[in-house]
Amino acid sequence: MSAPTPPTAELHLHVEGTIEAELLVRLADRDGLPLPSRDPAVLRERYEHFADLQAFLDVYYANLAVLRTEEDFHELATGYLDRARAAGVRRAEVFFDPQTHVGRGVPLEAVIRGLSSAFAAAEETHGVSAALILCFLRDLGPEAAEEILRAALPLREHFIGVGLDSAEVGYPPSLFTRVYAMAASEGLHRVAHAGEEGGPDYVREALDLLHVARVDHGIRAMEDPELVARLRAERIPLTVCPLSNVYLRAVDALPDHPLPRMLDQGLVATVNSDDPAYFGGYVDENYRAVARDLGLDRARLAQLARNSVDAAFAPAEDKRRWHGEIAEWTARAG
Ligand code: ADE
Ligand code: ZN
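The shown structure was predicted, so the numbers you read here are calculated from the model rather than taken from an experiment.

(A) A look at the overall build of the protein chain. Scanning the protein chain from N- to C-terminus turns up 15 helices and 8 strands. Over its C-alpha trace the protein chain gives a radius of gyration of 19 Å, about what one expects of a compact globule, namely 20 Å for 334 residues. Taken along its principal axes, the extent of the C-alpha atoms in the protein chain is 50 × 45 × 40 Å. For the protein chain, buried positions account for 57% of its 334 residues. Counting contacts in the protein chain only where the partners sit at least 6 residues apart, residues at least 24 apart contribute 75% of the total. Accessible area of the protein chain: about 12,800 Å², with a carbon and sulfur share of 51%.

(B) Geometry of the packing of helix H13 (residues 283-294) against helix H14 (residues 298-311). Their axes nearest at 10 Å, the elements H13 and H14 cross at an angle of 145°. Considering only the axes of H13 and H14, their crossing is right-handed. Contacts from Tyr287, Val290 and Ala291 in H13 reach Leu301, Leu304 and Ala305 in H14. Here the residues of the contact of H13 with H14 are counted per class, giving 6 nonpolar, no polar and no charged.

(C) How the structure looks around the coordination of the zinc ion (ligand 2). Within the protein, the atoms that donate to the zinc ion (ligand 2) are His12 (NE2), His14 (NE2), His193 (NE2) and Asp274 (OD), at distances of 2.1 to 2.3 Å. For the zinc ion (ligand 2), the 4 donor atoms in the first shell make angles of 84 to 175° at the metal, so the coordination geometry reads as irregular. Sequence spacing of the donor residues for the zinc ion (ligand 2), all on one chain, is H-x1-H-x178-H-x80-D. Both residues of the pair, His12 and His14, belong to the buried class.

(D) Highlighting the sheet that holds strand E5 (residues 189-194). Judged by pairing direction, the sheet is parallel, and its 8 strands sit side by side in the order E1-E2-E3-E4-E5-E6-E7-E8 without closing on themselves. Of all the strands in the sheet, the pair left with one neighbour each is strand E1 (8-10) and strand E8 (268-271). The mean angle between the axes of side-by-side strands here comes to 25°, regardless of whether they run parallel or antiparallel. Helix H7 (residues 141-152) contacts strand E3 (129-137) and strand E4 (161-165) of the sheet and is inclined by roughly 145° relative to E3. Across the sheet, helix H8 (residues 177-185) is in contact with E3, E4 and E5; its angle to E5 comes to roughly 150°.

(E) Broad picture of the nonpolar core. Counting 109 residues, the largest nonpolar core has Phe136, Tyr180, Leu259 and Tyr278 as its most contacted members. At 8 residues, the largest contribution of residues to this core is made by helix H6 (residues 108-126). Sequence-distant contacts of Tyr278, defined by excluding residues within four places in its chain, comprise Glu16, Gly17, Ile19, Tyr47, Phe50, Phe56, Val59, Tyr60, Asn63 and Tyr247. Counting residues in each nonpolar core, the second largest holds 5 residues, with Phe95, Ile133, Val191 and Phe313 among its members.

(F) How the structure looks around the site of ligand 1. Every residue lining ligand 1 is accounted for by His14, Leu53, Phe56, Leu57, Tyr60, Asp165, Ser166, His193, Glu196, His217, Asp274 and Asp275. At 2.8 Å, a backbone N or O of Ser166 approaches a nitrogen atom of ligand 1. Asp275 is positioned such that a nitrogen or oxygen atom in its side chain is 2.7 Å from a nitrogen atom of ligand 1. Protein chains shield 100% of the accessible area of ligand 1, which is 260 Å² for the free molecule. Mapping ligand 1 onto the cavity grids shows that it belongs to the largest cavity. Among the elements that line the shell around ligand 1, the one with the most residues is helix H3 (residues 53-63), at 4 residues.

(G) A look at the side chain of Ser116. Its place among the elements puts Ser116 in helix H6. Leaving out residues up to four positions away in the same chain, Ser116 has contacts with Leu132 and His158.

(H) Representation of empty space enclosed by the protein within the structure. Counted under the stated rule, the structure contains 1 cavity of 30 Å³ or more. Roughly 110 Å³ of volume is contained in the largest cavity. Taken together, 17 residues form the lining of the largest cavity, with His14, Leu53, Leu57, His193 and Asp275 sitting closest to its centre. At 5 residues, H3 tops the list of elements feeding residues into the lining of the largest cavity. The residue makeup of the lining of the largest cavity, split by class, is 7 nonpolar, 5 polar and 5 charged.

Definitions and cut-offs
- Residues numbered from 1 in each chain as written.
- Chains lettered and ligands numbered in written order.
- Predicted model: local features only at pLDDT ≥ 70, side-chain atom pairs only at ≥ 80, totals over all residues.
- Heavy atoms only, no water.
- Helix = DSSP H or I, 4+ residues; strand = E, 2+ residues; numbered from the N terminus.
- Rg over C-alpha atoms; globule rule 2.2 N^0.38 Å.
- Buried < 20%, exposed > 50% of the residue type's maximum accessible area, 1.4 Å probe, protein only.
- Contact = heavy atoms within 4.5 Å.
- Areas by Shrake-Rupley, 256 points an atom, 1.4 Å probe, with all protein chains shown as cover.
- Axes fitted to C-alpha atoms, helices over the stretch in contact; angles between N-to-C directions.
- Left-handed = near helix turned anticlockwise from the far one by under 90°.
- Nonpolar A, V, L, I, M, F, W, Y, C, P; charged D, E, K, R; others polar.
- Donors = N, O, S within 2.8 Å, 3.2 Å for Na, K, Ca; no water.
- Tetrahedral: all angles 85-135°; square planar, octahedral: opposite > 155°, others 65-115°.
- Pairing = 2+ DSSP bridges.
- Core = buried A, V, L, I, M, F, W, Y, C linked by side-chain atoms within 4.5 Å.
- Near = heavy atom within 4 Å.
- Polar contact = N/O pair within 3.5 Å; in protein donor to acceptor, adjacent residues only side chain to side chain.
- 1 Å grid on protein atoms, 1.4 Å probe; cavity = no way out; pocket = protein on both sides within 12 Å on 5 of 7 lines; lining within 4 Å.
- Sits in = over half its atoms within 2 Å of the grid points.
- Points joined across faces, edges and corners; volume = space filled by probe spheres on them.

Pasting the structure below:
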């Protein structure tokens, strides 16, 4: 009997979104910090009623007050990697939001070194290949993005790319053209959240102005047939997060999710968990949910997993191995 979900690459995961309620309470107790409740079950219940992305971000940023030291960041990343291994993750390309931590007075070095030391050990201890992508908070604007990139460049060997996240509408990709050009000149991979709450124009700007290799979310691209044709022709991967889209009301309910249409139309769609501590599950739970509620069979789950490996910024030799593991998974009877 093989695992119910395929080996996969996880390409859209915010490490700050993996802070489980138990860890939150433990760190808050240690530092005597306030929380709305000390009961993890009560904290988790609050996560089920986000009105939109901003309502979630307000809770997400407030909770991060408990992360203070290099050890905290190391522990956070290690917790994710433990769970990712159990979920069948072979490769994790993980977002982090340095501006929010530096803004609270945490040294940038503590953030990056804490996460990076956990990731460096991950291949040996967890069998997971892991790399960091530094995200700019779009609502802090382009100058702040340039400032954090400049501050992080002395630690350049600890991250492989840049991304763009936080409140989307009102902060279009065009604002960040210059900082993405800086990142390109440093040889960094580039991705950006677009088309989660923002419309197809945000996706187009991310492609044309930021020259992203992947689009994070991108589900609203489905409203624009010409853009869909372009994404298919250029084989631009979309890092889709089905449970997140339900929790943040980007879709009404999982059975309404456009993922099957994305596959039918030949898009390089992938499945990811976004902020699993808040949105009801890790990547395996996202695969299980789309199998159940969208009727995706094993062949379609395997297609999603192959897409994730194709879309990863990983060495070709590793990708060949992971493709082999997905083929084995497909061949085994469920
Ligand atoms: N930061 C963490 N999760 C996010 C999401 N789903 N969209 C934008 N920014 C985020
Ligand atoms: Zn995200």
